[in-house]
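# Structural description and commentary
Here is how the chains run, residue by residue.
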Amino acid sequence: MKTVIYYFTGTGNTLAAARALATELGDTKLIPLRRAMYYGALAPKADAVGIAFPVHFLDMPVIVRQFVFNILFDGRPYVFGLATCGERPGGALYRLKELLEEKTYTLSAGFSLVMPGNYIGPVDLMGDARRRDEKYAAVQARIPEIASAIRAREILLPEGNNSGLLKIGGQISRKLATSMYNTPKRLHATEACNRCGICSRICPTRNITVSNDAVIFDGDCTQCYACIHWCPKEAIEIGGRTKGKRRYHHPDVTIKDMLEQRGE
Ligand SMILES: Cc1cc2nc3c(=O)[nH]c(=O)nc-3n(C[C@H](O)[C@H](O)[C@H](O)COP(=O)(O)O)c2cc1C
Ligand code: SF4
Ligand code: SF4
């Protein structure tokens, strides 16, 4: 097989981008990294391997770090990153490069794509329909260029910004969201919940249990926001801060795709 792209997605942006790239490249297999992240997991033999993920706090999501930490490549493929973000990728692809280097692998190129923001809380950066369409169109327009760089095995610096200031900014905002605001603890289902169980089935970390009486969120949340955005009743909130905020998912991605990511 020529190319394998591992992907992680919360609201479908990264999956849609990875799919478009796979179609453009041809002979490419998409694998949910959620299903290949046990220690010592061996990637299938491929000439090129992509790692596609959303930017979280100007960095990689924790679950993607865990995947990279555990994965072993078969041989020395050309490795590239594909990061989707709302506006700014920060040093996310640089962190991927560093993590791979710790394992003696090389990140040969890292591409970032700006897509609708799925972070809702104090701010809503999703944009109106026109802005979202502009972003989707810009991604489609850029995919052939990215594919041709990958085909040519170009060696490129990761896109984004590796400044120390942004790194600290990302760490502070992650800390604010995780420890001080305590997102995992404040996740809860409101009375709008009808116990359909979708949140529990799509959560990538199996952090949610739904019973007849309650929806219980445990402490292992990677802050992907999938449960919040995919709940058909819009019943999942983080404290009061997501209340009344719009929900989002990429228009070409479905709940079935999200279940596929979990291996359901
Ligand atoms: C917890 C969290 C943190 C985020 N941090 C950033 C960020 O630092 N910079 C940015 O441009 N977008 C940020 N975003 C927005 C996502 O990176 C963007 O919407 C991405 O395309 C979502 O991809 P997905 O649908 O595959 O999950 C963040 C989203 C979440 C949920
Ligand atoms: S997805 Fe929403 S409605 Fe369904 S069980 Fe979860 S919180 Fe309740
Ligand atoms: S609890 Fe929700 S936000 Fe946290 S990892 Fe699961 S789906 Fe993502």
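Here the structure is a predicted model, which is why all the values come from computation and not from measurement. (Residues numbered from 1 in each chain as written. Chains lettered and ligands numbered in written order. Predicted model: local features only at pLDDT ≥ 70, side-chain atom pairs only at ≥ 80, totals over all residues. Heavy atoms only, no water.)

Segmentation of the protein into domains returns domain 1 (3-166) and domain 2 (182-262). Counting from both sides, the interface comprises 30 residues of domain 1 and, opposite them, 27 residues of domain 2. Together, Thr-11, Arg-34 and Ile-120 form the three largest contributors to the area buried by domain 1 at its contact with domain 2, with a combined 24%. The interface formed by domain 1 and domain 2 holds three salt bridges in total. The salt bridge partner of Arg-246 is Asp-124, with a shortest N-O separation of 3.0 Å. Counting every contact that joins domain 1 to domain 2 gives 14 residue pairs in polar contact (both at pLDDT 80 or more). Those elements that provide at least two residues to the side of domain 1 that touches domain 2 are α1 (13-25), α2 (62-70) and α4 (129-151). Broken down by element, the side of domain 1 that touches domain 2 gets its largest block of residues, four residues, from α1. Of the residues in the side of domain 1 that touches domain 2, the class split is 15 nonpolar, nine polar and six charged. (Domains from an automatic or database assignment. Contact = heavy atoms within 4.5 Å. Buried area = accessible area lost by both parts, 1.4 Å probe. Salt bridge = Lys/Arg side-chain N within 4 Å of Asp/Glu carboxyl O. Polar contact = N/O pair within 3.5 Å; in protein donor to acceptor, adjacent residues only side chain to side chain. Helix = DSSP H or I, 4+ residues; strand = E, 2+ residues; numbered from the N terminus. Nonpolar A, V, L, I, M, F, W, Y, C, P; charged D, E, K, R; others polar.)

To continue, consider the site of ligand 2. For ligand 2, the full set of nearby residues is Ala-189, Cys-193, Asn-194, Arg-195, Cys-196, Gly-197, Cys-199, Cys-231, Pro-232, Lys-233 and Ile-236. Partitioning the shell around ligand 2 into residue classes produces seven nonpolar, two polar and two charged. (Near = heavy atom within 4 Å.)

By the secondary structure assignment, Ser-112 is in strand β5 (residues 109-114). On the basis of relative accessibility, which here comes to 15%, the residue Ser-112 falls in the buried class. For the pair Ser-112 and Tyr-39, spaced 73 residues apart in the sequence, the C-alpha separation amounts to 27 Å. In this structure, Ser-112 is in contact with Ala-83, Pro-89, Leu-93, Arg-142 and Glu-159, ignoring residues within four places of it in sequence. (Buried < 20%, exposed > 50% of the residue type's maximum accessible area, 1.4 Å probe, protein only.)

To continue, consider the site of ligand 1. Taken together, 22 residues are adjacent to ligand 1, and Thr-9, Thr-11, Thr-14, Val-55 and Leu-58 come closest. In this structure, Gly-10 approaches ligand 1 through a main-chain N or O atom, which is 2.7 Å from an oxygen atom. Asn-13 is positioned such that a nitrogen or oxygen atom in its backbone is 2.9 Å from an oxygen atom of ligand 1. Coverage of ligand 1 by the protein amounts to 94% of the 660 Å² it exposes when considered alone. Grouping the amino acids of the shell around ligand 1 by side-chain chemistry returns eight nonpolar, twelve polar and two charged. (Areas by Shrake-Rupley, 256 points an atom, 1.4 Å probe, with all protein chains shown as cover.)

The next thing to look at is the sheet that holds strand β1 (residues 3-7). Each strand in a sheet pairs with another by means of backbone hydrogen bonds, the pair being arranged parallel or else antiparallel. The strand order β2-β1-β3-β4-β5 describes an open sheet built from five strands, whose pairing is parallel. In the strand order of this sheet, the two ends are held by β2 (28-32) and β5, each with one partner. With strand direction ignored, the average angle separating the axes of adjacent strands in the sheet is 20 degrees. Looking at chain direction, β1 and β2 are connected through five bridges and run parallel. Following the sheet pairing, Tyr-7 is matched in β2 by Pro-32. Along the sheet, α1 makes contact with β1, β2, β3 (48-54), β4 (78-85) and β5, crossing β4 at roughly 140 degrees. Contacts from α4 reach β4 and β5 within the one sheet, and its direction differs from that of β5 by about 170 degrees. (Pairing = 2+ DSSP bridges. Axes fitted to C-alpha atoms, helices over the stretch in contact; angles between N-to-C directions.)

Our next topic: the packing of α1 against α4. At a minimum axis separation of 9 Å, α1 and α4 run at an interaxial angle of 55 degrees. Relative to α4, the element α1 is oriented oblique. Relative to α4, α1 is oriented so that their crossing is right-handed. From α1, Ala-17, Ala-20, Leu-21, Glu-24 and Leu-25 reach across to α4, where they touch Gln-140, Ile-143, Pro-144, Ile-146, Ala-147, Ile-150 and Arg-151. Of the residues in the contact of α1 with α4, the class split is nine nonpolar, one polar and two charged. (Parallel < 35°, antiparallel > 145°, perpendicular 65-115°, else oblique. Left-handed = near helix turned anticlockwise from the far one by under 90°.)

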